[in-house]
Amino acid sequence: MDLQLTQEQRRLLILIHTYTAPRDDGSQVWLKDLPLRALMYDGIVKKVFDWDYSPTSVFVHGIRRFINISQEGEHDLIELREAGLVDKLRITATEHVPSKAYRSSVEGAAVVADFPEEDRKTIIDLISCLRCESAREVRVTSSEAFYFCKDCESTEHIGLFNIEDVAYVARPYLPRVLGVGSTGGES
Amino acid sequence: MEIIDELEELVFLENPRILVTEWIPCGRNQILSLTDGLEAVKEVNDSLYTTTMDVPNRLHTLVTGPVLTKLQMQDHDPASYIRFHAKVFYPETVHQVEEFGVHVDWTGRIIYGLILEQVEKRKKRQSLDHMSRVVADIVLDTSTMIETMLSVFQRDVLDTVFFENPNERNKFVTIIAERMTPKRKSPADYLTERRLKGEINQVIENVHKAESLSDGEAVFLGTKGIILVSPEPTRYEEVLSLFNGLQALDIFQRNIHARVGALWDEMRETRRLTEDVSELDIQRVSEAQHSLSQMTDQLLAIGECLRYMEDALEALSSEWRELRERRAAEIVHPGVSRLLSLLDIGNTLDLTGHRTRGIGRTLVGLQKEVSGVKELASTIGERQMRHLNENLQENIVQMETMSRSSQRTSVAINMLQLILAGSLAFDILKTLSGDYENTVFSSVASENPVAWLGLTVLVWVGLASIFFNIIRPIEKRREKGLHARVKLNAPYDNDALKSFLSTREMLVQESTWDLHHHVFRRSWSERGEGWRNNEVTIQIDYDELTGLFRDLVVSIPAPQYIDENDAIQIALLDLVTADVLEHRTLDAFRELSGHE
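What counts, and where the lines are drawn
- Residue positions are given per chain, counted from 1 along the sequence in the order it is written.
- Chains carry letters from A onward and ligands carry numbers from 1 onward, assigned in written order.
- Reporting in this predicted model follows two pLDDT cut-offs: at least 70 for local features of residues, and 80 or more for side-chain atom pairs to be given and counted; totals over whole chains, interfaces and linings ignore these cut-offs and use all residues.
- A pair of strands is treated as paired once DSSP finds two or more bridges between them.
- Secondary structure elements follow DSSP: runs of H or I of four or more residues count as helices, runs of E of two or more count as strands, with numbering from the N terminus.
- In this scheme, a helix's expected span is set at 1.5 Å multiplied by one less than its residue total.
- Exposed residues have 12 or fewer other C-beta atoms within 10 Å of their own C-beta, buried residues have 20 or more, and residues in between are partly exposed; the C-beta atoms are placed from the backbone.
- With C-beta atoms placed from the backbone, a contact is any residue pair whose C-beta atoms sit within 7 Å.
- Whenever a helix is involved, its axis is fitted only over the stretch in contact; in every case the axis is a line through C-alpha atoms, and angles between N-to-C directions fall within 0 to 180 degrees.

Student: Before we move on, can you summarise the sheet that holds strand β5 (residues 99–104) of chain A with the specific residues and values?
Tutor: All names here are of chain A. Taken in spatial order, the 3 strands line up as β1-β5-β4 in an open sheet, and their pairing is antiparallel. Looking along the sheet, the strands with just one partner apiece sit at the ends: β1 (31–32) and β4 (86–91). Across 2 bridges, β1 lies against β5 in antiparallel orientation. Counted as the bridge partner of leucine 31 is tyrosine 102 from β5.

In structure tokens, the structure reads:
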């Protein structure tokens, strides 16, 4: 397979693969949509991914929230899926809004082995516990996201919900609206 | 919080204007009440707004937080629309001067519009990176601003549809700019360059169409917004207002659909719980009935919304007809004509109408399901009541039997006391007479046996009387526990009560719900000098829904130096001191009980 993956795409695939490598007992593991987004955001902040992010309104556990999402990251994820390196699962969530989950495909798992060691190390550093160096879980509630280390029970905040303010000056604008009140009645 | 990432700004818009549109069920009466509320017809037509709630009390002044919104009326047509300028002063971590125009009309369309003059001290050319953050800020701040102007019905609807978190509800975003840079030959070229497409997606998400309108004019359509580039944007305003209204309606409809889906899930869970409920579990049936009542309320609100949506669709269709007629008469600019064909408004109107009817049908099904489960819960409730009555009757019979048995035991014990007194009397006299060896007593006994017998009986009666007189006060004292109860039905401060209760260790915590009441029962113990060293148990009932403090019960098992009125008065004083009850409640009690 002739694959021309960018550094960001390679690292994203490693990230997904690290969490979703098949288990010995044959059970399949998937990385949920929101934790993946939290990891992508944290990766941008920690210079692992050279993407931008912006506030976007999404459903978080059934509630509309603004979170920081990278459109370039989304694009790279789509490209990995188009290349058949990442599988996507759509699941019905208990929060009434369908959610998604991802894992590295068989092809994806095969190509990860050939990626440069530096990319692998960067991702391992991102997800490793600062205290005990174990691989950490990512947990996302309806209002916060954080790494959780099962071994030493330490946590690290991820600013997925921190919407940044910009200074701006605006003056009012009222567009013309056609036919208001021309017809219709009272409900 | 300021930007922590180094932004790679690639796409810029010149002199951008932002329109954020949402749909909230409205109507002509609501517009009329809004016009009255904003005093649109008065000479001085600006007002300040705050989120602080005014609560009825005796104070002649009102203390608020900072004033957050200033509104200035621009135009209105009673019962049709209202247009005003709003300047907001919400606390932010950076300097923002937010002043936007607001258009609200009876169809439920609300358009917030602003011209972006400066972002991060940069004028004229603004990057999409910055604008995505400005848009998020506007979407949030407009929710806060409009909240003070909504009716109770509208707020209930928003709470229902947006899962009790309406502040972050999504709205449709339109950005109008005079120019877009870097320039490309065709708008479609922006979508072939990955980084540029990513920038555009940041604001309008999943851009799927990029087309030219006329020379130097382009439009980008995304799933959550639209970007229009035109040096003469005003000619597109009417089309955009119609399209934005329709898209806002679509967003609301999608959220309603998600809510109805969630209600089906809740319904299924409630049915399962109701079917599995044990006949002895009265609390569970009460919870199911409470949940069903809430669902009925939510379904009614959604049903009402659908009717408002139908009216809105009719009004938007009328706007669409007018635009089509103008287009047919060729009195619109070619760019406008092109935009109309790209936006596919006619089909979207039809589709939205179909979906509204579809949700209506789902709602009818859900309402039937709620009625079915309600009947099931009520049947189980009745069965539980029957069981309860049977158990109660059994208990009454058992208690009667126990009471009779206890009475028999009491008579037997009294008889035993009598016999014991006789036996003791005989023993005493026998000891005194030395078993008839004492010459004085034996001679009296032998010479006057009747007198001796009389003396014996007299001693017996005396001793029995002493026994009864000793035991009766002890029994009386045991029966004398003080139990004072007063029905207050007085207003109370729920926050103060919660804080008061948090300092006590609860013995009993119960609650009962129905449609109109949410009654809590709490009980705790107290002791101390305030209670004259008595061990006291206090029980209170209060209703959070009606805001009334219902009952106060004070129990003292072994009261000392305290009567019923004292007990109630001490308990009331504690609650008044903690600001739970008003002082007039205590005054009223004192007046009625004759205490000062």
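From this point, the discussion proceeds with the structure in view.
Student: Lay out helix α3 (residues 71–82) of chain A with the relevant residues and their values.
Tutor: With 12 residues, α3 of chain A ought to run about 16 Å at 1.5 Å a step, and its terminal C-alpha atoms sit 16 Å apart, in line with that. Considered for burial, the residues of α3 of chain A that qualify are Gln71, Glu72, Gly73, Asp76, Leu77 and Leu80 of chain A. Those residues of α3 of chain A that are buried are in contact with α1 (7–20), α2 (33–45), β3 (63–69) and β4 of chain A together with α5 (194–204) of chain B. Positive phi shows up at glycine 84 of chain A, right after α3 of chain A, with a value of about 75 degrees.

Student: I'd like to hear about the sheet that holds strand β6 (residues 137–140) of chain A, residue by residue, with values.
Tutor: All names here are of chain A. The 3 strands lie next to each other as β6-β7-β8, forming an open sheet whose pairing is antiparallel. Only two strands of the sheet have a single neighbouring strand rather than two, namely β6 and β8 (155–158). Each adjacent strand pair in this sheet contributes to an overall mean axis angle of 25 degrees, direction not counted. As paired strands, strand β7 (residues 145–148) and β8 are joined by 4 bridges and run antiparallel to one another.

Student: Quick one: what's the story with the environment of alanine 145 of chain A, residue by residue and with numbers?
Tutor: All names here are of chain A. Relative to the helices and strands, alanine 145 resides in strand β7. A residue is classified by how many C-beta atoms lie within 10 Å of it, and alanine 145, with 24 of them, is buried. Those residues in contact with alanine 145, other than ones at most four positions away along the chain, are Ala38, Val138, Val140, Ile158, Leu160 and Phe161.

Student: Please give an account of the environment of leucine 429 of chain B that cites residues and values.
Tutor: All names here are of chain B. By the secondary structure assignment, leucine 429 is in helix α9 (residues 345–433). Separated by 45 residues in the primary sequence, leucine 429 and glutamine 384 have C-alpha atoms spaced 66 Å apart. Non-local contacts of leucine 429, meaning those with residues more than four positions away in its chain, are made with Thr456 and Val459.

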